[in-house]
Amino acid sequence: MQSSIKPPRFSLARRESLWAYAFIAPWTIGFVIFTLGPMLASLFFSFTEYDIVSPPKWIGLTNYINLVHDQLFWHSLGITFKYAVIALPLGLVVSYMIAVLLNQKIRGINIWRTVYFLPSVIAGVAVALLWARIFDPKFGILNPFLAQFGIKGPGWLSDPQWAVPALVIMSLWSVGGNIIIYLAGLQGVPTDLYDAAKVDGATAWQRFRHVTLPMTTPVIFYNLILGLIGTFQYFTEVYVLTNGSGNPARSTLFYNLYLYQNAFKYFHMGYASTMAWVLFIIVLGFTLLIFRSSDAWVYYEGQLRGR
Amino acid sequence: MRQTTRSPMRSTSFLHPLPGIRGETLILKTITTLVLAAGTAIIMIPFLYLLSTSVKDRDQLRQSPPPLIPIAATTVEINGQAEPLFQVTLDGQVREMALIKNRPEGKGVFVDPAFPDQTHELVIAEQTALKHLEIHWENYPEALKQMKFSKLLVNTLLVTFLGMAGMLFSCSLVAYGFSRFRAPWLNVLFILLLSTIMLPSQVRLLPTYVLFNKLGWVDTLLPLIVPQFFANAYDVFLLRQFFMTIPLELDDAAKIDGASPLQVLMFIILPQGRPALIAVAIFHFLYAWNDFYEPLIYLHSPEHWTLAVGLQTFNALYAVNTNYIMAASAVMILPPIILYFLAQRIFTQGIVFTGIKG
């Protein structure tokens, strides 16, 4: 019966490998064309003067030296750090707390969830335009609201001191995406752990502190890493709100906006590539740092079994 | 003795050995509900403000502070002039009167529209200005006309749905390859794929722009669509995690019937993986619909713009027409919101996010 089938040209394992490579080919090809190739090219550009029209001219380390002496580079890096230091922890904590609330067994929980995720699906230009109006000192709604508590609101986006805090507030409104991921993590915590804790007489706070929090450290870790990368890519909102200028008084000239200006306003592709690589190194450094620290605070269930 | 007569209800309370826990739970639930309700107000008020601003006319836009409901001062015509109408208390009687003139010390001249010749001087602050709901729906067609909405919509839909097709096609193939086969280096390649999630896009953006420029694709929609046919880490990862949960027995049964790997993908994996495919399709829609950076750098002429770029430019040119800007913004956020409500369960139940853990 089997004799009518020709013996396969390749061994079974070999054939399986070939199928695998064939299926992942779209990504492998794309990786070379749109990731690896461009990465190497931008590394090369970073050592050149390049305006797209004429071919790149090798200038060695000049771009890197100029960068160190570029006040705006340090300024934009500083703003990005300032924003990261405020917005990232605040966003992580707020979204985590909301996710914990949305994980309670209370009436109408799906309606609450629907409301809280809503802002995250409409991120982008329209949201930035809306908040530009909300922050308007005269015709917006934020300052009249603050006035009810006797607080005189600042000029927000027109005040160099308050422009970045305004962006932080805006980012908090859109934390829905983080909440979704946290909620998935919270739902993955086995209920028998809670039951066991209750049997031992643990209070709600103790259950949160010793069950929920450690069990969800992997998702906190995930959101921290992606949040960090997202912060360094921060662009759309600030471009829309300032028309690409980074004003008032360059107080919102984020790193990515300055990079964009260099690349697509002045067409200093070489210099912008240098900025991109410096950013890459910075992000990589922070990411590795967080990964390093993760042994100390991220808990994986698998480790328990190994004990 | 008690133990032998324990009722089922008592036995469940065994889980709550401390007498306080029942009450504690109730208090926690109440606090949770209250906090969530307060947060809901913070989330919804900007939407309300967006809607109300979008239907105001120029005069209403000048109200400060802006009312959250689009209202306008009620006026009445006195001697050919529109004058604001007030509810006035005169000689212990409440009457509706028009304010026709301001006088010093916060006083004003009021008249009864029925008897325009009898004037009364009253303190304005003691009277109530009459307001009525005034909605200018015509802002919507006007805003859409001004920003050339239909052209922008066509471009956005092309980018969104052609990109979605490319993403679904390529990512299912790749996710299948990573979830169902063994091959040397496959794990290394998968880790490489995951690591690209953490790569700041700037580091590959400029040479990619140069490449598309060389191909003559700058100022066309192609740079926004074509790369989608080469898979991306997020969606591959999500699909792969989901495909891993599909029982291998299904594959084996098909293979015994002589199905090729491609047929297994077509007839087992894709139908079984439908929830995950729908989820990544929705996420792609939201991503492409809202994306701003790439359309901004690639699309230069207005006839190729997507909605995001068109809306930003519309605002840059006509920022004073806040009502039109808000009307256009409301239209732009409507499709994501509709889609969100249709596909709510995918978001609220987190079915497809479970793979993220660990």
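Computed from a predicted structure; not experimentally measured.

On to the overall build of chain A, then. Helix and strand counts for chain A come out as 15 helices and two strands. Its C-alpha atoms give chain A a radius of gyration of 25 Å, clearly above 19 Å, the size a compact globule of 307 residues would have. If one aligns the C-alpha atoms of chain A with their principal axes, the spans along those axes are about 80 × 65 × 35 Å. Here chain A, with 307 residues, has 38% of them falling under the buried criterion. Restricting the contact set of chain A to residue pairs at least 6 apart, pairs at least 24 apart contribute 68%.

The next thing to look at is the overall build of chain B. From N to C terminus, chain B includes 16 helices and eight strands. At 31 Å, chain B has a C-alpha radius of gyration far larger than the 21 Å of a compact globule built from 358 residues. Seen through its principal axes, chain B has C-alpha atoms that stretch 100 × 90 × 35 Å. A burial count over chain B gives 35% of its 358 residues as buried. Counted over contacts in chain B with a minimum sequence separation of 6, partners at least 24 positions apart contribute 65%.

Attention now moves to the interface of chain A and chain B. In this assembly, 85 residues from chain A lie in contact with 81 residues from chain B. No other element matches the 19 residues that helix α1 (residues 12-45) of chain A contributes to the side of chain A that touches chain B. Class assignment of the residues belonging to the side of chain A that touches chain B gives a composition of 61 nonpolar, 18 polar and six charged.

So, about the nonpolar core. Counting 145 residues, the largest nonpolar core has Ile179 of chain A together with Val174 and Val236 of chain B as its most contacted members. Val88, Ala98, Leu99 and Phe110 of chain B belong to the second-largest nonpolar core, a separate cluster that totals nine residues.

What describes two packed helices is the angle between their axes and the distance between those same axes. All names here are of chain A. Where α1 meets helix α14 (residues 269-297), the closest approach of the two axes is 7 Å, and the angle between their N-to-C directions is 115°. The interaxial crossing formed by α1 with α14 has left-handed handedness. The residues of α14 that touch α1, namely those facing Ser42, Leu43 and Phe45, are Met269, Gly270, Ser273, Ala276 and Trp277. For the contact of α1 with α14, the class distribution of residues is five nonpolar, three polar and no charged.

Following the sequence through the fold, Phe139 of chain A ends up in the loop between α5 (125-135) and α6 (142-147). The partly exposed category is assigned to Phe139 of chain A, around which 17 C-beta atoms lie within 10 Å. Phe139 of chain A sits 32 residues away from Arg107 of chain A along the chain, and the two C-alpha atoms are 38 Å apart. If sequence neighbours within four positions are ignored, Phe139 of chain A has contacts with Leu61, Ser64 and Pro66 of chain B.

Right, let's talk about the pairing of strand β3 (residues 81-90) of chain B for a bit. Residue and element names in this part refer to chain B. When strand β2 (residues 75-78) meets β3, the two strands line up antiparallel, connected through four bridges. Across the sheet, residue Thr75 finds its bridge partner in β3, namely Pro84. Linking two consecutive strands that pair antiparallel, namely β2 and β3, is a turn of two residues; a positive phi of about 50° is found at Asn79 within it. Taken together, the two bridges between β3 and strand β7 (residues 128-129) define a ladder with antiparallel strand orientation. By the bridge assignment, Phe86 is partnered in β7 with Ala129.

A word on the packing of α5 of chain A against helix α14 (residues 307-318) of chain B. Here α5 of chain A crosses α14 of chain B at 25°, and the two axes come no closer than 9 Å. As far as their axial angle goes, α14 of chain B and α5 of chain A are roughly parallel. Counting all contacts with α5 of chain A, which are made through Val125, Ala126 and Leu129 of chain A, the residues of α14 of chain B involved are Ala308, Leu311, Gln312 and Asn315 of chain B. Classifying every residue of the contact of α5 of chain A with α14 of chain B by side-chain character gives five nonpolar, two polar and no charged.

All names here are of chain B. Considered for burial, the residues of helix α6 (residues 186-195) that qualify are Leu189, Phe190 and Leu193. Along the axis of α6, the buried residues cluster in a sector spanning 100°; they form a single face. Facing away from the buried side of α6, by more than 90 degrees, are the exposed residues Asn187, Val188, Ile191 and Ser195.

Here the focus is the environment of Leu205 of chain B. Residue and element names in this part refer to chain B. Note on placement: Leu205 falls in helix α7 (residues 202-214). Given 23 C-beta atoms within 10 Å, Leu205 falls into the buried group. A C-alpha to C-alpha distance of 15 Å links Leu205 and Leu215, two positions 10 residues apart in sequence.

The next point concerns unusual backbone geometry. All names here are of chain A. The step from Asn247 to Pro248 runs through a cis peptide bond, and the omega angle for that step is 0°. You can see Pro248 is positioned in the loop between α12 (236-242) and α13 (255-265). In this model, Asn243 sits at a positive phi of 55°, which is unusual for a non-glycine residue. With respect to the helices and strands, Asn243 occurs in the loop between α12 and α13. You can call Asn243 partly exposed: it has 13 C-beta atoms within 10 Å.

As a further point, take helix α4 (residues 109-117) of chain A. Where α4 of chain A is concerned, the buried positions are Trp112, Arg113, Tyr116 and Phe117 of chain A. Viewed along the axis of α4 of chain A, the buried residues span an arc of 125°, placing them on a single side of the element.

Residues and elements named next belong to chain B. Note: β3 against strand β4 (residues 93-102), six bridges, orientation antiparallel. Considered in β4, the bridge of Leu85 is made with Ala98. Connecting β3 to the next strand, β4, in antiparallel fashion are two residues, including Asp91 with a positive phi near 50°. Taking the residues between adjacent antiparallel strands as the criterion, β4 and strand β5 (residues 107-112) are bridged by four residues, where Glu105 takes a positive phi near 60°.

This part takes up the confidence of the model for chain B. Parts of the model with low pLDDT should not have their predicted coordinates read in detail. Residue and element names in this part refer to chain B. Averaged over all residues, the pLDDT of chain B equals 87, while 91% of them reach at least 70. Taking the mean pLDDT of every element in chain B, the minimum, 38, falls on helix α1 (residues 8-12) and the maximum, 97, on helix α8 (residues 222-225). Within the model, the stretch residues 1-19 combines pLDDT values under 50 with 10 contacts to residues more than four positions away or in other chains. Scored below 50 in pLDDT, residues 354-358 shows 16 contacts in the model against residues more than four places distant or in partner chains. The ipTM value of the predicted complex is 0.88, and its pTM value is 0.87.

The rules behind these values
- Residues numbered from 1 in each chain as written.
- Chains lettered and ligands numbered in written order.
- Predicted model: local features only at pLDDT ≥ 70, side-chain atom pairs only at ≥ 80, totals over all residues.
- Helix = DSSP H or I, 4+ residues; strand = E, 2+ residues; numbered from the N terminus.
- Rg over C-alpha atoms; globule rule 2.2 N^0.38 Å.
- Buried ≥ 20, exposed ≤ 12 C-beta atoms within 10 Å, placed from the backbone.
- Contact = placed C-beta atoms within 7 Å.
- Nonpolar A, V, L, I, M, F, W, Y, C, P; charged D, E, K, R; others polar.
- Core = buried A, V, L, I, M, F, W, Y, C linked by C-beta atoms within 7 Å.
- Axes fitted to C-alpha atoms, helices over the stretch in contact; angles between N-to-C directions.
- Left-handed = near helix turned anticlockwise from the far one by under 90°.
- Pairing = 2+ DSSP bridges.
- Parallel < 35°, antiparallel > 145°, perpendicular 65-115°, else oblique.
- Arc of directions from axis to C-beta.
- pLDDT = per-residue confidence, 0-100.

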